[in-house]
Amino acid sequence: MPSPQRVVIVGAGARGNKVFANLIATMQTGFELAAVVEPDAERREAFCQAYGIPAERAFAHVDAFLAAPRCGDIAFICTPDPVHFTLCKAVSEKGYDVLLEKPIATSLADTLALLAVERACHNRIIVAHVLRYAPFFQAVRRLARSGDYGPILHVDLREHVGHWHFAHSYVRGNWRRAGDSAPIILTKSSHDLDLLAWIVGKPPTWVSSYGSLLYFNTAHAPEGATDRCVDCPHQDTCLYSATRFYVNESPQWPFHVVSPVHDSMADRRKSIETGPYGRCVYRNDNDVCDHQVVALEFADGVLATFGLHAHTADNTRKITVLLEKAEIEGDLRQQRLTISHFTGEKDVLRIEEVPLGPPTDSHGGGDLQLLLMLYEHLTEGKHRELITSLESSVTSHVLAFLAEDSRVANGGRLRVPEVAELIDPANAPPAGRTGSTP
Amino acid sequence: MAGVVEPDDRRRAAVRRAHDLPPAHAFADIDAFLAAPRFCRTVFVCTPDHAHYRICKAVARAGYDVLLEKPVAHNIAETLALLEIEHATETRIVVAHVLRYTPFFTKVRELVQGGALGRVLHVKLTECIGQWHFAHSYVRGNWRRTDTSGPIILTKSSHDLDILAWLLDAEATWVSSEGSLVYFNEAHAPVGATERCVACPHRETCLYSATRFYLNDRHEWPYNVIAPIDDTPAARAHALETGPYGRCVYHNDNDVCDTEITWIRFASGATANFSLQAHTAENTRRITIWCEGGAISGDLRENALTVTRLGPGIDSTAERLDLGAPVDSHGGGDIRMLHALHDYFAHGIQTDQISSLDRSVASHLLAFLAEESRRSGGVRIPMVRARPTSS
């Protein structure tokens, strides 16, 4: 095996610490933890203790890290969304490779600017669109693109966020306000737009969207609901009561997020008395959509649809791919994938189950697979076609920004320019090429 | 069964024989029927689509109650004109929106309107037409062209738009639609495909080979459609040589969409996402209704629903409701509609399902506006008022 790849974790939160560092420490990934950048002293110290990072490689600020002697091969940027761009640019300029959490950036201009950064720095920026690595979606794409079933004619992808997950992350959590992070179609669903573009494999021609914050607003507050659950008369019955949901002994996500360092029941109670996770879901400052649908057309008139739904029981993704000779249907979380082969006869189908292994987390095992493939990519140049390189990930963000523009403008198609055209309008195609017209 | 109006002599004779009708109650055209002495109370209008409006108008004005097959008319003006006639006369016009009467959708509406799951937030309804059914009816059959029948959002999916409006019992505020004929066109013809299957080099292997599909000894729909009177092997073979059902699905004159999505917003704030898909394995409809407190989802053909209730933690409970044996693509709605219709016409009992014209017109208005949106690049179209404003 080639030598280990030394990782600098930038942002020791739920993703940086509990997912990536934990996987690196407990699984054979080829990576090893070398350094950490984390402004919160308690978190930073806890991280160093948990993974044996020496003090001289634990930094409170990225500038200190950048000023120090080089201490790793790749930086994992797992910070809050608004600083993804500046951090990615800074570490790239120091020559580090980067695994960048989605979203790439919170504006289209910054997203495109990173392409130029990568070209200038000759480093490799990989976007953590982890779902592409999930065995489930790998299988979907392989089957859909195999040619065995003819061309892809339609794809429908549904993101079932799960009502408790939505309340946690998008009503109370870091992604609740488009102004503080970005619209949910970017912060959450860049995954899904990335999957659609990756599965279909043709250039998108137009996108259209609608959506709104229909439910998590004051209109739905029960009478007498207070601003915080701890003193609310409904705290024992409300579906979204923070006292019922968080004050327990589960060390799992999302419960551990509310008091990330000292996680006793008393700490949790204190957090919901004062912190964001104790606020009423109906009387909050959240503004991101709790339901949104997107339609997009790819070359050759292939129509794809995406639906983001907050009010689901399951936290999963479901997909349907219609092809010339078969229908593929599956559920990520259940790890269920079936192919119904058309026979040309009425009521006669040949249904095949695709074996995928046991049910899994909401990323479908993609986090670990990402690390395994990323390691082989960085060290041996493998998986060029599958890896979520910046270049192959930018389309999803272009789609997300345009979908949001369409939604805000009350719907209607927006043409999707090619990335080259966005960078330089001189690359625009001749007028009239805007996809199929009815 | 009291009488029949049918221009085809052989079909008319066959119906007369089958139901033992007197010769005086069999007519070659609607004018002869209307001129004859009255011998019945109700007329079922089951003609090709383009004649629905004209015939319905004539029999309604003559005072007959009407069961009218969908679509009721081909534009908003005609649809509203029929509504005026219904309002201005004693006539009752009921639209054959048979899906309302199925145990499946009846149960869905009961659950939605019962309110146990709270307010409806979003509905996803998918019409899986099934690739063979689409090829039969919408590539080769009567509903393949917008100009001779209507856009598929009207001829096929007025059912679905009706179900959405009926389930939510809410007024639409806007509609938008996107869709096209993605697959059944020249671009997908195998090399060397001929205009008819009987002479085609691909007839043994093509998924849509008419010779493989129709030349069998099954006598149910859709096979029996191609030689409707003498359904012999020779008659079917002849039909494939000369009739519409023997034509290549790729070299044809069809133009209706094989993929279409329609978004609707209701005054309640709820939204609906309807998808019509030709290239599906099953011929069924699937629905999920997300409500404040959970969801109702199911598959019409499986005749089963799942009611999910959200829990206070990460777990939810799901209850499966089996509504009986699996059913045909109308979900057992045809016979139940006749029972409900009889109670309505004979005894004035108006159940929740009764698809009287005034309670059905929204689906047609939505269909016309969806088509207008689709042709205009998916722009949102505000819903028009259903009721005529002038007397």
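Residues numbered from 1 in each chain as written. Chains lettered and ligands numbered in written order. Predicted model: local features only at pLDDT ≥ 70, side-chain atom pairs only at ≥ 80, totals over all residues.

As for the overall build of chain B
Argument step 1. Assigned secondary structure in chain B consists of 12 helices and 14 strands.
Argument step 2. In terms of C-alpha radius of gyration, chain B reaches 22 Å, essentially the compact-globule figure of 21 Å for 391 residues.
Argument step 3. Put simply, 69% of the contacts in chain B that link residues at least 6 apart link residues at least 24 apart. (Helix = DSSP H or I, 4+ residues; strand = E, 2+ residues; numbered from the N terminus. Rg over C-alpha atoms; globule rule 2.2 N^0.38 Å. Contact = placed C-beta atoms within 7 Å.)

Some remarks on the overall build of chain A
Argument step 1. Helix and strand counts for chain A stand at 14 helices and 15 strands.
Argument step 2. The 438 residues of chain A split such that 52% are buried.
Argument step 3. When contacts within chain A are restricted to residue pairs at least 6 apart in sequence, those whose partners lie at least 24 apart make up 71%. (Buried ≥ 20, exposed ≤ 12 C-beta atoms within 10 Å, placed from the backbone.)

Quick word on the sheet that holds strand 4 (residues 74–77) of chain A
In sheet architecture, strand pairing relies on hydrogen bonds along the backbone and comes in two forms, parallel and antiparallel.
Residues and elements named next belong to chain A.
Argument step 1. Spatial strand order, 3-2-1-4-5-6: 6 strands in an open sheet with parallel pairing. The two strands at the open ends of the sheet, each matched to only one other strand, are strand 3 (58–59) and strand 6 (125–127).
Argument step 2. Pairing between strand 1 (residues 5–10) and strand 2 (residues 31–37): 6 bridges, direction parallel. Paired with Val-8 across the bridge in strand 2 is Ala-35.
Argument step 3. In this fold helix 12 (residues 366–380) packs onto strand 1, strand 2, strand 4, strand 5 (97–100) and strand 6, with an angle of close to 125° to the strand it touches most, strand 1. (Pairing = 2+ DSSP bridges. Axes fitted to C-alpha atoms, helices over the stretch in contact; angles between N-to-C directions.)

Observations regarding the interface of chain B and chain A
Argument step 1. With 43 residues of chain B at the contact, the number on the chain A side is 40 residues.
Argument step 2. Broken down by secondary-structure element, the contributors of at least two residues to the side of chain B that touches chain A are strand 6 (120–128), helix 6 (131–140), strand 7 (172–180), helix 9 (210–214), strand 8 (259–266), strand 9 (271–277), strand 11 (294–299) and helix 12 (361–375) of chain B.

Observations concerning the domain arrangement of chain B
Residues and elements named next belong to chain B.
Argument step 1. Segmentation of chain B into domains returns domain 1 (4–97), domain 2 (99–184 + 254–331 + 356–382) and domain 3 (194–246).
Argument step 2. Of note, the centres of domain 1 and domain 2, computed from C-alpha atoms alone, are 28 Å apart.
Argument step 3. Across the contact, 18 residues belong to domain 1 and 19 residues belong to domain 2.
Argument step 4. When contributions to the side of domain 1 that touches domain 2 are tallied by element, the ones reaching two or more residues are helix 4 (76–88) and strand 5 (93–95).
Argument step 5. For the side of domain 1 that touches domain 2, the element with the most residues is helix 4, which contributes 5 residues. (Domains from an automatic or database assignment.)

Quick word on the domain arrangement of chain A
Residues and elements named next belong to chain A.
Argument step 1. As assigned here, chain A comprises domain 1 (5–127), domain 2 (132–216 + 287–363 + 389–427) and domain 3 (225–278).
Argument step 2. If you average the C-alpha positions of domain 2 and of domain 3, the two centres end up 32 Å apart.
Argument step 3. Facing the 6 residues of domain 2 at the interface are 5 residues of domain 3.
Argument step 4. Of the residues belonging to the side of domain 2 that touches domain 3, the class tally is 2 nonpolar, 3 polar and 1 charged. (Nonpolar A, V, L, I, M, F, W, Y, C, P; charged D, E, K, R; others polar.)

Focus: the confidence of the model for chain B
Argument step 1. Looking at chain B, the pLDDT average stands at 94 and 98% of residues meet or exceed 70.
Argument step 2. We note a pTM of 0.94 for the whole complex and an ipTM of 0.92 for its interfaces. (pLDDT = per-residue confidence, 0-100.)

Comments concerning the nonpolar core
The nonpolar side chains of soluble globular proteins are, as a tendency, buried together.
Argument step 1. Within the largest apolar cluster, 243 residues are counted, with the highest numbers of intra-cluster contacts made by Ile-9, Val-98 and Leu-196 of chain A together with Cys-56, Val-66, Leu-164 and Leu-366 of chain B.
Argument step 2. Excluding residues within four positions of it along the chain, Val-98 of chain A makes contact with Ile-74, Ala-75, Ile-77, Cys-88, Val-91, Ser-92, Asn-123, Ile-125 and Ile-126 of chain A. (Core = buried A, V, L, I, M, F, W, Y, C linked by C-beta atoms within 7 Å.)

Focus on the packing of helix 4 of chain B against helix 12 of chain B
All names here are of chain B.
Argument step 1. The interhelical angle for the contact between helix 4 and helix 12, taken along N-to-C directions, is 170°, at an axis separation of 10 Å. Classified by the angle their axes make, helix 4 and helix 12 are roughly antiparallel. Residues Ile-76, Thr-79 and Leu-83 of helix 4 pack against Val-361, His-364, Leu-365 and Phe-368 of helix 12.
Argument step 2. Taken together, the residues of the contact of helix 4 with helix 12 break down into 5 nonpolar, 2 polar and no charged. (Parallel < 35°, antiparallel > 145°, perpendicular 65-115°, else oblique.)

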